[in-house]
Amino acid sequence: MSGAKDLQGKVAIITGASSGIGEAIAVELAAQGAAVVVNYHSEEDEANAVVGRIKQAGGQALAVQANVAHQDDVNRMVQQTVSQFGHIDVLVNNAGVEKSTPFLEKTLDEWNLVIGVDLTGPFLCTQAAARQMVKEGHRGTIVNISSVHEDLPFPGYAAYCAAKGGLRMFCRDVALELAPHNINVVNVGPGAIATPINKATLEDPEKKEALIREIPLGRIGQPDEVAKLVAYLASDAGSYITGTTIFIDGGLMHQTGSL
């Protein structure tokens, strides 16, 4: 692989890394020298394709199936990572789901699914990875892929907003608890990013134009832009950043109306 090797020798777990932002993060961290675990829930072929892409470019990668909302799966994933690569330096809590339903029609099953993946998942993964980092006794980094919707309302997505709002305070609180162990915890809050989850909007000219009008920089972000930010935070250069959210949204939060 070519380019900077700021993560040489580091080992990173990226949850939900079979597509979209997670895939971009896995590829970028590997390009910068990290050995990466490409976590997936059900998209095995896609995860293996990401691993293949990384290995073809000269990197190290391993695909691991795990439901981040299940503690046994998470513990197994951490154990497999240590068994394969020897240690853990970086965890990126990227796995997430979102469901659009009017609040008065939202079911408990939908609520539990979104909260389970988007909030309980980061709790389980962070705890398991942090325990391993503390055991190893070296600096660690945990990055949560949050959203502008940890602060910005999003009608129809009450569970998603609740999860991301919870992730905001989870980051701040856990950052204080883990600081004595030299582990920094940071949220990255993307705005509108061109990923499969936004396919319907991006393929509708009117919806896409309406979205772009809400973004001061006048364009939709790319997954690799988020990935480069995460790579910086995972590197030693980002080691003094903790307990905060860094938004990467083209200014969306400062201009948006009803999105």
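Residues numbered from 1 in each chain as written. Predicted model: local features only at pLDDT ≥ 70, side-chain atom pairs only at ≥ 80, totals over all residues. Heavy atoms only, no water.

Visitor: Can you tell me about the pairing of strand β1 (residues 11-14), naming the residues and giving the values?
Guide: Where burial is concerned, the two faces of β1 agree: the one with Val11 and Ile13 and the one with Ala12 and Ile14 are both buried. Two strands pair when backbone bridges link them, and β1 and strand β2 (residues 35-40) are joined in this way by four bridges, in the parallel orientation. Across the sheet, residue Ile13 finds its bridge partner in β2, namely Val37. Note that the unit made of β1, helix α1 (residues 20-31) and β2 has a crossover that is right-handed. When β1 meets strand β4 (residues 90-93), the two strands line up parallel, connected through three bridges. By the bridge assignment for β4, Ile14 is matched with Val92. (Buried < 20%, exposed > 50% of the residue type's maximum accessible area, 1.4 Å probe, protein only. Helix = DSSP H or I, 4+ residues; strand = E, 2+ residues; numbered from the N terminus. Pairing = 2+ DSSP bridges. Right-handed = clockwise from strand over helix to strand, strands pointing away.)

Visitor: Give a description of the environment of Gln71 that names residues and reports values.
Guide: When you line up the elements, Gln71 lands in helix α3 (residues 71-85). Not counting residues within four places of it along the chain, the set of residues in contact with Gln71 comprises Leu124 and Gln127. (Contact = heavy atoms within 4.5 Å.)

Visitor: A description of the side chain of Thr245 should follow, citing residues and the corresponding values.
Guide: The residue Thr245 is located in strand β7 (residues 244-248) in this model. Of note is the side chain of Thr245, whose polar atom sits 3.4 Å from the side chain of Arg172. If near-sequence neighbours (up to four positions away) are discounted, Thr245 is found in contact with Glu150, Arg172, Asn187 and Gly189. (Polar contact = N/O pair within 3.5 Å; in protein donor to acceptor, adjacent residues only side chain to side chain.)

Visitor: Can you explain empty space enclosed by the protein? Please cite residues and give values.
Guide: Taken as a whole and judged by the stated rule, the model has one cavity of 30 Å³ or more. Considering the residues around the largest cavity, the lining is formed by Gln71, Asn75, Leu124, Gln127, Ala128 and Arg131. For the lining of the largest cavity, the secondary-structure elements that each account for two or more residues are α3 and α4 (108-136). Sort the elements by how many residues they give to the lining of the largest cavity and α4 lands first, with four residues. Of the residues that constitute the lining of the largest cavity, the class distribution is two nonpolar, three polar and one charged. (1 Å grid on protein atoms, 1.4 Å probe; cavity = no way out; pocket = protein on both sides within 12 Å on 5 of 7 lines; lining within 4 Å. Points joined across faces, edges and corners; volume = space filled by probe spheres on them. Nonpolar A, V, L, I, M, F, W, Y, C, P; charged D, E, K, R; others polar.)

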